Amino acid sequence: MSRFVHVFGVICEYNPFHSGHRFHLEQTKRQATHVAAVMSGSFVQRGEPALLDKWTRARMALQNGADLVLELPLPWAMAGAERFAAGGTAMVSAMGCAEALSFGCEHGSAGDLQKTAAALLSPGFRETLRPLLDAGLPFAAAREEAVRRRFGEECAALLQNPNDILAVEYAKAILRSGAKLALFPVRRSGCPHDGSGLHPENRLPTGEPAASASALREALRNNEDVSEFVPPGCRAPLQQAAEELRLSGGMEPLTRAVLARLRTMPEAEAAALPDVSEGLHNRLLAAARCADSLPALYAAAKTKRYSHARIRRAAAAALLGLHEEDCTGTPPYLRVLGLNRRGQEILRRMKQTASLPVILRPTEILRLDQRAQRVFSLECAATDLWALSTGRILPAGLDLSTPVVTENL
């Protein structure tokens, strides 16, 4: 690779990959020559299995602008915005050859994002935040109000939209870690985050119809045609996965397993779940004893302070055997899920620059320390449970038997 090569990182789920994702990668490649995607594995931020297996999603990304796909390990993939951003940013930084982090957001100004991130990390901010939390405000609302009081409406406005919030967390992770990564925001357009329904009138700047990933998941599970909302190369894999019953049904197929786990879980173990505090674990255990469905479980455990997403993640973490101590620090390795020719070029550079071990084969994990092996074992278990959430039960051991995806090699 010459000194004129520019590697940008993106942090993503691609659940599933759609035209908006391709637009983002196209905009990124106006500045970057190579793009490395750090992508969630078998479970995602919402606390549920990904719609498609991670290797199919990696191939879709490689066909539409990504050059290298690395896996964001479970403890950071299935986490709130702060931990998700910290884990992904740490991996992009650990590559040692990435210049910038590219992401979509509603606001689109790197300077404003950095200003708001600095505000959240400023001395004394916690003292403004704590009374608002003590008054019973949910964390997101309390944080926004605390920023408004200390730093004004302009900063607070960047904590109102989902992708802006995540973008601020990226900026915060870079500031906190000292990573040498520039911010490259791409303004999001076309449809709102988590917008429901397929509406062809929602369009990207290219004129293509746009739909949110959540709307596409719902449509695919209902056997609706989504072809106009995804890149042409993604249509056949989606159709094939649907026909072969390889689409995940989310957490619903795992309902009995989740309830069984929570009904038999010792209180001390529940208290060790990630992001559980102030009695949430007790609420979760009590709710499981009478709930007859996961929506009923979430509703019974819900309070004004705890979001549905946080409760979903706690329930999924119980099933997956994930503990708070698993989520400390940053990811211990860089596992390659897929690559193309330009991805090979990034990989060659990383062999000289990476500050974490680069993993191409599962057996290479055995050379790493106990923490890395623990994280990989959690990943394997998550994929095995993902294989029980699909339309037909798939075999276990996919993490040990599935090779790295190669595209145009």
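Up top is the structure.
Residues numbered from 1 in each chain as written. Predicted model: local features only at pLDDT ≥ 70, side-chain atom pairs only at ≥ 80, totals over all residues. Heavy atoms only, no water.

A.B. asks: Describe the overall build of the chain, listing the residues and the values that go with them.
C.D. replies: Each helix and strand counted, the chain has 19 helices and 10 strands in total. Taking 409 residues into account, the globule formula puts the C-alpha radius of gyration at 22 Å, and the chain, at 21 Å, falls close to it. For the chain, the C-alpha atoms occupy an extent of roughly 55 × 50 × 50 Å along the three principal directions. The proportion of buried residues among the 409 residues of the chain is 54%. A total accessible area of about 17200 Å² is found for the chain, and carbon and sulfur atoms account for 50% of it. (Helix = DSSP H or I, 4+ residues; strand = E, 2+ residues; numbered from the N terminus. Rg over C-alpha atoms; globule rule 2.2 N^0.38 Å. Buried < 20%, exposed > 50% of the residue type's maximum accessible area, 1.4 Å probe, protein only. Areas by Shrake-Rupley, 256 points an atom, 1.4 Å probe, with all protein chains shown as cover.)

A.B. asks: For the packing of helix α5 (residues 110-120) against helix α9 (residues 162-177), give the residues involved together with the corresponding values.
C.D. replies: It is at 8 Å that the axes of α5 and α9 come closest, and there the two elements cross at 70°. In terms of axis orientation, α5 runs roughly perpendicular to α9. Where α5 crosses over α9, the handedness of that crossing is right-handed. In contact with Leu113, Gln114, Thr116, Ala117, Ala118 and Leu120 of α5, α9 contributes Asp164, Ala167, Val168, Ala171, Lys172 and Leu175. For the contact of α5 with α9, the residue count by class is eight nonpolar, two polar and two charged. (Axes fitted to C-alpha atoms, helices over the stretch in contact; angles between N-to-C directions. Parallel < 35°, antiparallel > 145°, perpendicular 65-115°, else oblique. Left-handed = near helix turned anticlockwise from the far one by under 90°. Contact = heavy atoms within 4.5 Å. Nonpolar A, V, L, I, M, F, W, Y, C, P; charged D, E, K, R; others polar.)

A.B. asks: Which residues make up the nonpolar core, and what values go with them?
C.D. replies: The biggest cluster of nonpolar side chains holds 78 residues, and the ones touching the most others in it are Tyr14, Phe43, Met251, Val258 and Leu297. By residue number, the principal contributor to this core is helix α16 (residues 308-320), which donates eight residues. Ranked by size, the runner-up nonpolar core spans 58 residues in total, among them Cys97, Cys155, Val168 and Leu183. (Core = buried A, V, L, I, M, F, W, Y, C linked by side-chain atoms within 4.5 Å.)

A.B. asks: Before we move on, could you go through the pattern of salt bridges and cite the residues and values that matter?
C.D. replies: Close approach of charged atoms lets side chains of opposite charge pair. Tallied over the full model, the rule gives 27 salt bridges. Across the pair Asp53 and Arg246 runs a salt bridge whose closest N-O atoms are separated by 3.6 Å. Of the two residues, Asp53 sits in the loop between β4 (48-49) and α2 (54-62) while Arg246 sits in the loop between α11 (232-243) and α12 (255-264), which places them 193 residues apart along the sequence. Like Asp53, the residue Arg246 is buried in the burial classification. The shortest N-O distance in the salt bridge between Arg130 and Asp134 comes to 3.6 Å. (Salt bridge = Lys/Arg side-chain N within 4 Å of Asp/Glu carboxyl O.)

A.B. asks: Explain the pairing of strand β2 (residues 34-40) to me, and be specific about the residues and the numbers.
C.D. replies: Of all seven residues making up β2, seven are buried, and the element is well covered by its neighbours. Of the two faces of β2, the one carrying His34, Ala36, Val38 and Ser40 and the one carrying Val35, Ala37 and Met39 are both buried. Relative to β2, strand β1 (residues 7-12) runs parallel, the two being bridged by six bridges. Bridging across to β2, Cys12 finds its partner in Met39. Read from β1 through helix α1 (residues 19-28) to β2, the crossover connection turns out right-handed. By the bridge criterion, five bridges tie β2 to strand β5 (residues 68-72) in an arrangement that is parallel. If you follow Met39 over to β5, its bridge partner there is Glu71. (Pairing = 2+ DSSP bridges. Right-handed = clockwise from strand over helix to strand, strands pointing away.)

A.B. asks: If you had to explain the pairing of β1 to someone new, which residues and values would you point to?
C.D. replies: Counting buried positions along β1 gives six out of six residues, so the element sits mostly inside the fold. Side chains of β1 alternate between two faces, with Val7, Gly9 and Ile11 and Phe8, Val10 and Cys12 buried alike. In this sheet, strand β6 (residues 98-105) lies alongside β1 in parallel orientation, the contact comprising four bridges. Residue pairing across strands places Val10 opposite Ser102, the latter belonging to β6.

A.B. asks: Give a description of the packing of aromatic side chains that names residues and reports values.
C.D. replies: Going through the model one piece at a time under the given rule, you end up with three aromatic pairs. Arranged with centres 5.5 Å apart and planes meeting at 65°, the rings of Phe8 and Phe184 form a pair that is edge-to-face. One end of the pair, Phe8, is in strand β1; the other, Phe184, is in strand β7 (residues 182-187), and 176 residues separate them in sequence. Centroid distance Tyr14 to Phe17: 4.8 Å. Interplanar angle 65°. Geometry classified as edge-to-face. Under the relative-accessibility criterion, Phe17 is labelled buried at 0%. (Phe/Tyr/Trp six-rings, centres within 6.5 Å; stacked < 30°, edge-to-face > 60°.)

A.B. asks: So what about helix α7 (residues 139-151)? Which residues, and what values?
C.D. replies: Given a rise of 1.5 Å per residue, 13 residues ought to cover 18 Å, and the 18 Å separating the end C-alpha atoms of α7 matches this to within 8%. Residues of α7 that are buried include every one of Ala142, Arg143, Glu144, Ala146 and Val147, and no others. Packing partners of the buried residues in α7 comprise α5, α6 (125-134), α8 (153-156) and α9. Positioned one or two residues after α7, Gly152 has a phi angle of 100°, which is positive. (Expected span 1.5 Å × (residues − 1).)

A.B. asks: Just give me the short version of the side chain of Thr116, but keep the residues and values in it.
C.D. replies: Positionally, Thr116 belongs in helix α5. Leaving out residues up to four positions away in the same chain, Thr116 has contacts with Cys155, Leu158, Leu159 and Val168.

A.B. asks: Can you break down the environment of Glu13 residue by residue, with the values?
C.D. replies: In this fold, Glu13 is placed in the loop between β1 and α1. With 28 residues separating them along the chain, Glu13 and Gly41 place their C-alpha atoms 7.8 Å apart. Look past the residues within four positions of Glu13 in its chain and what remains in contact with it is Met39, Ser40, Val44, Gln45, Arg57, Ala77 and Phe84.

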